[in-house]
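Each chain is listed here by its residues.
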Amino acid sequence: MTTPWSRRAFLYATGSSALALGIAGAPRAEAADAYDALRATWRTLILGTGFSPTAEPFKSRLADLGSAASALLSTMAPVSGSLWPDAVYADPDPDTDQESYGYSARMNDSYSRLRTMAEAYSRPGTGVTGDSALATAIATGLDHLHSDVYNEGRAAYGNWYNWQIGAPQALLDSSVLLYDHLSSAQLASYLTAVDHFVPDSAVSVYSGTSTGANRVDLCRVLALRGVLGKSSAKLSLAANALSPVFPYVASGDGLYADGSFIQHTYVPYTASYGSVMLGGLGMLFALLAGSAWQVTDPARQIVFDAVENAWAPFLYNGLALDGVAGRAISRGISAAGGPQQDDHARGHSILASIVLLGQGASSAENARWRGLVKGWTQRDYYSPPLDDGFLNISSLARIKGVQDDSTVSAIAEPVGHRLFTHMARATHRRPTWAAAISMADKRITYYETGNGENLHGWHTGSGMLYWWGDTYANGQYSDAFWPTVDPYRLPGTTASRKALADAAGGDWGASRPDVNWVGGATDGQRASIGQYLKGLGSTLLAKKSWFCLDDAIVCLGAGISCTDGTAVESTVDNRNLGPTGSAALTVDGTVQPLAHPWSATLTGASWAHLAGHGGYVFPGRATVQARREERTGRWSDINKGSSTTPISRRYLTLWADHGTNPSGAGYSYVLMPSASAAQTAARAADTGWLSVLANTDNQQGVQVPSLGFTGVNFWFGGTVGALTASAPCAVMIGERSDGTAVICVSDPMRMQTSLTLTWRRAVASVTSRPATVTGATTGSSLTLTFGDLSGTGGATQQTTVRLG
């Protein structure tokens, strides 16, 4: 049986009390040099500046940090195979299976705990600041892990990440913070271990696990190895090895010109790995600025441009949209408890990274980014960043610095539409709400699972339609949504009720549908979006379209077929009402029961309204299923490393039941976020507002005359209304009040070598056209002839005309 170490025991743990006492002794007498300056810079970066440790929110956070460090100190019990009894890292059968992943994670966690203790020792206001016994314990713990598991004589097992990124980063950070308490011999031994697990060859080729955010993390390890080991070669390698991260990519991991960010080859990851990359680059740029190893590659401007091109579109009122967070959506509350990791926590981390990155950008960029961050911070009423227990203190200080800067004016949320064809995502932002659509194709996975995480994310890529209000529902997906929602009824999706196993489809984005037609066309304000859907582990087939407009999104489904022997459903919405919520549902003017559980079949429904959220219109009336229920789940249900505590949330769900083994089923509804009941009823009564031009397996299209909007998704060539297309394509037309019109066309399949589009509308002239338009005829109708579109990446080709 092991027992916690006494402080005296630490003095003898490395073999002699004299050596141990020397570890906690005075700083070494050595002349300062450029490396020492870099070490001091890194120390400042990880500890933060510009805040008072006696003022909130820092006072409480520092006290909590000190308490955590003291608890870790009191439970530390080093024996062979572990440093803490609850973090055994000795693997009886070391390999790369799931069990070994767990052991390697606990090795990583052990180093992370030492880093926490080192931070508490180094920060003022923790109650253990400068405690020599704590410093001695940290150094002895580093020695124990080095001699027992992380050394040049050991082979890695489990997850490579723990050996090449997680553990060495925590080790090197701790070594920076405890530098004056480590002997040269100790430091040299730690660096030798780092060299063993993270050799120069780790960044010799930009592929595999050395791309994107992972490459930045590896460069951070190499840079700190260079700082602590006073190696110019290591620092040069780290700085130069960042260069492959900067350029836009056309496939695989990295940033795309359209703002997409991919990691693990197939996973949209702007809000998780993308956040890590952004933060890591900000730290490294700041570390090396003004030194002989400063990052000078001009391509780094791409990263600065990406702040607004790639990250800002996925930030809303301080949260980062879950549709680009991969398996991180399942993390929530860990098995050890503590603060919840959710979309707001991920967003706050990105805000802090943007502030740091701004220090290396132009003055104009820095000023604008600070305005954006101030706006996001001020509008995050649901989870104010300064109350975020998941945010580290240095990041907290950066955000507070912006918040307190009276020279910075908050910038409002942008309004417009963004289509990210390379990661099958779209965002639609209006003055009082924002929405996002998540899809999947042969290049983009349905969902990512791995490391026992995101076990029920199966249908998140099946057309999930997220939406938030400007002053309401910002906790819609934050408030225990993922462990409690019915994973077969995610809002916007069409899915078979066929039971799927945990992690169905395979780890690391292995599950990808064999479909090409996913994407759309947009003018930057409105859009026609479509997804040819094949169900995960299912025979389900469907065509789904979204027409994104000024105050609504028109949603169509057609060709819904399945032979699974189970029911198939299209979920209109599934609103999380919180632990006690009872928002009223009104259907065609009648308020439905507030009691739960409650369910009803709403036959011939024209419209519905959920108080405090928005409205739903059903063109031509529809039969809709409604349910009010309380659902209970555990974070551990969807993430093996998370809390087992039951959580309950109430939901109001609306869906179309297509029956068992449907053939050619469909649906149509109009989502109206922020609309009142009166506005919803008025829209339903205005039968001339919307014309559904087609909703078949071949084409789907709508027209809204009052907006001058026509949108058609041609799954196959054909004629819809006044439009004829010779081949599959997406079309969006916007007629303007000044007598002009914009015709937006794309090839979502990326396969068309020619395309002819005819619009039977009088057109006087073509005023602008893209290079892909090889011919245009005007007159009583407009005919556009396109050349090869297969290399456009599904991007919108926009032509402007003057109407006749």
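Not measured: the values here are computed from a predicted model.

So, how was this worked out
Residues numbered from 1 in each chain as written. Predicted model: local features only at pLDDT ≥ 70, side-chain atom pairs only at ≥ 80, totals over all residues. Heavy atoms only, no water. 1 Å grid on protein atoms, 1.4 Å probe; cavity = no way out; pocket = protein on both sides within 12 Å on 5 of 7 lines; lining within 4 Å. Points joined across faces, edges and corners; volume = space filled by probe spheres on them. Nonpolar A, V, L, I, M, F, W, Y, C, P; charged D, E, K, R; others polar. Phe/Tyr/Trp six-rings, centres within 6.5 Å; stacked < 30°, edge-to-face > 60°. Helix = DSSP H or I, 4+ residues; strand = E, 2+ residues; numbered from the N terminus. Lys NZ or Arg CZ within 6 Å of the ring centre and 35° of its normal. Salt bridge = Lys/Arg side-chain N within 4 Å of Asp/Glu carboxyl O. Buried < 20%, exposed > 50% of the residue type's maximum accessible area, 1.4 Å probe, protein only. Pairing = 2+ DSSP bridges. Axes fitted to C-alpha atoms, helices over the stretch in contact; angles between N-to-C directions. Parallel < 35°, antiparallel > 145°, perpendicular 65-115°, else oblique. Left-handed = near helix turned anticlockwise from the far one by under 90°. Contact = heavy atoms within 4.5 Å. Expected span 1.5 Å × (residues − 1).

**Student:** Help me understand empty space enclosed by the protein, please; the structure alone is not making it clear to me.
**Tutor:** Empty space among the atoms becomes visible once a probe the size of a water molecule is rolled across them. In total, this model carries four cavities of 30 Å³ or more according to the counting rule given. Of the pockets and cavities examined, the largest cavity occupies roughly 120 Å³. Along its surface, the second largest cavity is lined by His459, Thr494, Ala495, Ser496, Lys498, Leu500, Gly535, Leu536, Gly537, Ser538 and Leu540. Partitioned by chemical class, the residues of the lining of the second largest cavity number four nonpolar, six polar and one charged.

**Student:** What is the right way to read the packing of aromatic side chains from this model?
**Tutor:** A ring pair, where both rings are aromatic, is described by two values, the distance of the centres and the angle of the planes. Going through the model one piece at a time under the given rule, you end up with 25 aromatic pairs. Taking the centre distance of 5.2 Å and the plane angle of 75° together, the rings of Tyr466 and Tyr477 count as edge-to-face. Pair noted here: Tyr466 is in strand E11 (residues 464-469) and Tyr477 is in the loop between E11 and helix H16 (481-484), with a separation of 11 residues, a long-range link. In textbook terms, an aromatic cluster arises when at least three aromatic residues are bridged by ring pairs, as seen for Tyr466, Trp468, Tyr477, Phe481, Trp482 and Tyr651. Taking NZ or CZ as reference, Arg489 lies 3.9 Å from the ring centre of Trp655, over its face.

**Student:** How should I be thinking about the layout of surface pockets in this particular structure?
**Tutor:** Roughly 250 Å³ of internal volume is contained in the second largest pocket. If you trace the second largest pocket, you find 15 residues lining it, with Gly48, Thr49, Leu356, Gln359 and Arg398 closest to the centre. Of all the elements, helix H15 (residues 393-403) adds the most residues to the lining of the second largest pocket, at four residues. Residues of the lining of the second largest pocket, tallied by class, amount to four nonpolar, nine polar and two charged.

**Student:** What should I look at first to understand the pattern of salt bridges in this one?
**Tutor:** Working definition: two side chains of opposite charge can pair if their charged atoms are close together. One pass over the structure, following the stated rule, counts 33 salt bridges. Where Glu453 meets Arg327, a salt bridge forms, and the shortest distance between an N and an O atom there is 2.6 Å. Taken together, the residues Glu453 in the loop between strand E10 (433-438) and E11 and Arg327 in the loop between strand E5 (319-320) and strand E6 (332-334) connect sequence positions 126 residues apart. By relative accessible area, Glu453 is classed as buried at 9%. A salt bridge links Arg497 to Glu569; its shortest N-O distance comes to 3.7 Å. You can see Arg497 sitting in the loop between strand E12 (494-496) and strand E13 (518-522) and its partner Glu569 sitting in strand E17 (residues 567-578), a full 72 residues away along the chain.

**Student:** Before we go on, may I ask you to explain the sheet that holds strand E29 (residues 729-735) in this structure?
**Tutor:** Paired through their backbone hydrogen bonds, the strands of a sheet run either parallel or antiparallel. With antiparallel pairing, seven strands are arranged side by side in an open sheet as E24-E25-E26-E29-E30-E35-E32. Of all the strands in the sheet, just strand E24 (691-695) and strand E32 (763-768) have a single pairing partner and so form its edges. Along the sheet, successive strands turn relative to each other by an average axial angle of 15°, direction set aside. Summarising the sheet, strand E26 (residues 709-714) and E29 pair through six bridges and their orientation is antiparallel. The residue bridging Asn713 from the neighbouring strand is Ala730, located in E29.

**Student:** Hey, could you run me through the packing of helix H8 (residues 184-197) against helix H9 (residues 212-229) in this one?
**Tutor:** Helices that pack against each other are described as a pair by the angle of their axes relative to one another and the distance between those axes. Interhelical geometry of H8 versus H9 gives an angle of 155° and a closest axis separation of 11 Å. On the basis of the axis angle, H8 is roughly antiparallel to H9. In this structure, H8 meets H9 at a crossing whose hand is left-handed. Contacts between H8 and H9 involve Leu187, Leu191, Val194 and Asp195 from the first element and Val221, Arg225, Leu228 and Gly229 from the second.

**Student:** Explain the packing of helix H11 (residues 273-288) against helix H13 (residues 343-358) here, please?
**Tutor:** Put simply, H11 and H13 touch, their axes get as near as 9 Å, and they point 30° apart. For the element pair H11 / H13, the angle class is roughly parallel. Where H11 crosses over H13, the handedness of that crossing is left-handed. Taken together, the residues of H13 that come into contact with H11 (itself represented by Ser275, Leu278, Gly279, Leu281, Gly282, Met283, Phe285 and Ala286) are Ser349, Ile350, Ser353, Ile354, Leu356 and Leu357. Of the residues contributing to the contact of H11 with H13, the split by class is nine nonpolar, five polar and no charged.

**Student:** Please clarify how the pairing of E26 should be interpreted in this entry.
**Tutor:** On any regular strand, side chains alternate: one points to one face of the sheet, the next to the other face. Taken across its six residues, E26 has six buried, putting it largely inside the fold. A two-sided burial pattern is seen for E26, the buried positions comprising Phe709, Gly711 and Asn713 on one face and Thr710, Val712 and Phe714 on the other. Counting the residues that bridge the hairpin from strand E25 (residues 699-704) to E26 gives four residues, and of these Gly708 lies at a positive phi of roughly 65°.

**Student:** Before we go on, may I ask you to explain unusual backbone geometry in this structure?
**Tutor:** Trans is the prevailing form of peptide bonds, just as negative phi is the prevailing case for residues other than glycine. In this structure, the amide linkage connecting Glu56 to the following residue, Pro57, adopts the cis form with an omega of 10°. Among the structural elements, Pro57 can be located in the loop between helix H3 (34-47) and helix H4 (58-75). The amide bond that connects His596 to the next residue, Pro597, takes the cis arrangement and shows omega of 0°. In this fold, Pro597 is placed in the loop between strand E19 (590-591) and strand E20 (598-610). Of note, His264 is a non-glycine position whose phi angle comes to about 60°, a positive value. If you trace the backbone, His264 turns up in the loop between strand E2 (261-263) and strand E3 (267-268).

**Student:** I would appreciate a short explanation of the sheet that holds strand E34 (residues 782-786) in the present structure.
**Tutor:** What the five strands build is an open sheet, ordered E27-E28-E31-E34-E33; its pairing is antiparallel. Where the open sheet ends on each side, the last strands, each with one partner, are strand E27 (718-720) and strand E33 (773-777). Taking the axes of each pair of neighbouring strands and ignoring which way they run, one obtains an average angle of 15° across the sheet. Taken together, the three bridges between E27 and strand E28 (residues 723-725) define a ladder with antiparallel strand orientation. Looking at E28, one finds that Thr719 is bridged to Thr724.

**Student:** I tried to follow helix H14 (residues 363-379) on my own but got confused; where do I start?
**Tutor:** Note that an α-helix has 3.6 residues per turn; residues three or four places apart therefore point the same way. Between its first and last C-alpha atoms H14 spans 25 Å; for 17 residues at 1.5 Å apiece the expected length is 24 Å, and the two agree. Taken together, the buried positions of H14 are occupied by Glu365, Trp369, Arg370, Gly371, Leu372, Val373, Lys374, Gly375, Trp376 and Thr377. Buried residues along H14 sit in contact with helix H12 (301-311), strand E4 (315-316), H13 and H15.

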